[in-house]
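# Residue-level structure breakdown
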Amino acid sequence: MNIQIFGTKKCSDTKKAERYFKERRIKFQFIDMKEKGMSKGEFNSVAAVNGGLENMINWDGRDKDTLALIRYIAEEDKLEKVLENPSVIRTPVVRNGKQSTIGYQPEVWKTWS
């Protein structure tokens, strides 16, 4: 397995995801969304598996102005705005090759081998 966890250090679900993999002695790479974010390719591959761009966004997040802008701008501009503001992406995003999840989903991770 080649696990990547995209999240933030303060996110409780990200911490739970890290603990899940540590307890099972599964190595993972943590990518801090505040420092690095996701590339366009990474984002698109995760969005494709998880129901598209709309499902990737944390609509209950703190940055209400950016979320309102993303909600109402043209479809073709949404991706760029989300990538510029990685804090609006739901975390953790956990990737294992082409498989991925959004949020804390140990029941899905159990099926990965």
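This section reports on the structure supplied with the text. (Residues numbered from 1 in each chain as written. Predicted model: local features only at pLDDT ≥ 70, side-chain atom pairs only at ≥ 80, totals over all residues. Heavy atoms only, no water.)

Right, let's get into the pattern of salt bridges. Summed over the entire model, instances satisfying the criterion amount to 9 salt bridges. Two residues, Arg24 and Glu23, come together in a salt bridge whose shortest N-O distance is 3.6 Å. Its relative accessible area of 53% is what places Glu23 among the exposed residues. A salt bridge links Glu42 to Arg95; its shortest N-O distance comes to 4.0 Å. On the criterion of sequence distance, the pair formed by Glu42 in helix H2 (residues 40–49) and Arg95 in strand E3 (residues 93–96) is long-range, its members being 53 residues apart. On the basis of relative accessible area, Glu42 is assigned to the buried category, the value being 15%. Taken together, the shared-partner salt bridges in this structure form one network comprising Lys9, Asp32 and Glu35. (Salt bridge = Lys/Arg side-chain N within 4 Å of Asp/Glu carboxyl O. Buried < 20%, exposed > 50% of the residue type's maximum accessible area, 1.4 Å probe, protein only. Helix = DSSP H or I, 4+ residues; strand = E, 2+ residues; numbered from the N terminus.)

What follows covers the nonpolar core. Residues Met38, Phe43, Met56, Val82, Ile89 and Val93 are the most contacted members of the largest nonpolar core, which totals 18 residues. When contributions to this core are tallied by element, the ones reaching two or more residues are H2, helix H3 (53–56), helix H4 (64–72) and helix H5 (75–84). Leave out the neighbours within four places in its chain, and Phe43 touches Met38, Leu53, Met56, Leu79, Val82, Leu83 and Ile89. Grouped together as the second largest cluster of nonpolar side chains are 9 residues, Ile5, Phe21, Ile26 and Trp112 included. (Core = buried A, V, L, I, M, F, W, Y, C linked by side-chain atoms within 4.5 Å. Contact = heavy atoms within 4.5 Å.)

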